[in-house]
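Architecture at a glance
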Amino acid sequence: MSDVDFESEQYEKCREAGEILAQVRDEAAERVEVGASHLEVAEWAEEEIRELGGEPAFPVNISIDEEAAHATPERDDETTFGEEMVNLDIGVHVDGWLADTAITVDLSGHDELAAASEEALDAALDVAGPGVDVGDIGAAVEEVIEGYGFNPVVNLTGHGLGHWEQHTAPNIPNRSVSQGAELQPGDVVAIEPFATDGRGKVQEGSSEEIFALEREGSVRDRNARQVLEQIAEEFKTLPFAARWLDSPRAKMALRRLKQQNIVHGYPVLKEEAGKFVSQKEHTVIVTDDGIEVTTRSR
């Protein structure tokens, strides 16, 4: 037995974040339908997280068709859902302790692709546990997705979740790798298979609506300084949306802060045009004898 105290405040807050997240994910997914607004779904989910006692750990990601990650509506976004493949990726923190989950809502008729990532996640959860090499989890994901005739997205991975840190070690690959880290009791990790009918590699697109603080710094511009104060106080090192900022000139402030390497952006990640990406994700606590899934529907 490890000496990890799974009843400590840290793990209780991880569980609380997961419970809030499971509820919000399931209800947000029901709101995704042809004609519904991206911005309204994102803002509803972010507000519901706060109502339930958490905070968004990052902006709600709404990725469409070939988009895989980092897409979120802008401030006055009027985009609505069409007959598309929609990935919702949502995070919650309670005092900086995190949970992360994702689900594909398929309005495009590509049921098999949606099923591939879902079944791959089930297979990964069956394998995961203390002492397990993350490469073995990747192998389970790859086998299921290729069994459906699709490709795993190999340059996106699952990841550890730290305190105020959305991506920490270990990375959890979506394909077999010969030697990876071993999961340890007490690890909190997000496992997230991505399946695609494309080639299995995403690239950065040109649009960017999500940012995070890179380092402390001082800026002369008053608008940029006020935006930086809000970022440091409210979001700390977690990702935030440009639309969350109070300044009417937020975009200009972000440009200045990026030029000085004080914040960095997350460009939308995409497969090749005309292809589709599905995603399914759960957060787990690695226990002494297995795993506890914190983001499962209650």
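Not measured: the values here are computed from a predicted model.

Criteria and thresholds
- Residues numbered from 1 in each chain as written.
- Predicted model: local features only at pLDDT ≥ 70, side-chain atom pairs only at ≥ 80, totals over all residues.
- Heavy atoms only, no water.
- Axes fitted to C-alpha atoms, helices over the stretch in contact; angles between N-to-C directions.
- Helix = DSSP H or I, 4+ residues; strand = E, 2+ residues; numbered from the N terminus.
- Parallel < 35°, antiparallel > 145°, perpendicular 65-115°, else oblique.
- Contact = heavy atoms within 4.5 Å.
- Nonpolar A, V, L, I, M, F, W, Y, C, P; charged D, E, K, R; others polar.
- Left-handed = near helix turned anticlockwise from the far one by under 90°.
- UniProt positions renumbered as here; feature names shortened; annotations may be inferred.
- Buried < 20%, exposed > 50% of the residue type's maximum accessible area, 1.4 Å probe, protein only.
- Salt bridge = Lys/Arg side-chain N within 4 Å of Asp/Glu carboxyl O.
- Pairing = 2+ DSSP bridges.

Quick look at the packing of helix α5 (residues 222–235) against helix α6 (residues 250–259)
Between α5 and α6, the least distance of the axes is 9 Å, while the angle of their chain directions is 85°. In this view, α5 runs roughly perpendicular relative to α6, as classed from their interaxial angle. Seen from α5, the contacting residues are Asn 223, Ala 224, Val 227, Leu 228 and Ile 231; seen from α6, they are Ala 253, Leu 254, Arg 256 and Leu 257. Tallied by class, the residues present in the contact of α5 with α6 amount to seven nonpolar, one polar and one charged.

Observations regarding the packing of helix α1 (residues 9–31) against helix α2 (residues 38–51)
Between α1 and α2, the shortest axis-to-axis distance is 10 Å and the interhelical angle comes to 155°. Taken together, α1 and α2 sit at an angle that is classed as roughly antiparallel. You can see that α1 and α2 cross each other, and the crossing is right-handed. Of the residues in α2, those touching α1 at Ile 20, Gln 23, Val 24, Glu 27, Ala 28 and Arg 31 are Val 41, Trp 44, Ala 45, Glu 48 and Ile 49. Class assignment of the residues belonging to the contact of α1 with α2 gives a composition of seven nonpolar, one polar and three charged.

Re the UniProt feature "binding site: substrate" (unreviewed entry) in the protein chain
Listed under "binding site: substrate" (unreviewed entry) in the UniProt record, and renumbered for this structure, are His 70 and His 167. In three dimensions, the annotated residues from a span of 98 residues occupy one location, with a maximal C-alpha spread of 13.7 Å. Along the chain, the position of His 70 falls in the loop between β2 (67–69) and β3 (85–94). Apart from residues lying up to four places away in sequence, His 70 is in contact with Asn 61, Ser 63, Ile 210, Tyr 266, Pro 267, Val 268 and Leu 269. Examined against the element boundaries, His 167 turns out to sit in strand β7 (residues 165–172). Under the relative-accessibility criterion, His 167 is labelled exposed at 53%. In contact with His 167, not counting residues within four places along its chain, are His 159 and Gly 160.

Overview of the pattern of salt bridges
Counting across every chain of the model gives 13 salt bridges. As a salt-bridge pair, Glu 118 and Lys 280 come within 3.9 Å of each other at their nearest N and O atoms. Highlighted residues: Glu 118 in helix α3 (residues 111–127) and Lys 280 in the loop between β13 (277–279) and β14 (282–286), separated in sequence by 162 residues. With a relative accessible area of 15%, Lys 280 lands in the buried category.

As for the sheet that holds strand β4 (residues 97–106)
Reading across the sheet, the three strands line up as β1-β3-β4 and stay open at both edges, with antiparallel pairing between neighbours. Edge positions in the sheet fall to β1 (55–64) and β4, since each has one partner strand and no second. Averaged over all pairs of adjacent strands, the angle between their axes in this sheet comes to 10°, without regard to strand direction. Note that β1 and β3 share seven bridges and pair antiparallel. Following the sheet pairing, Asn 61 is matched in β3 by Asp 89. Those strands touched by α1 are β3 and β4, and its axis lies near 20° from that of β4. In this fold α2 packs onto β1 and β3, with an angle of close to 155° to the strand it touches most, β1.

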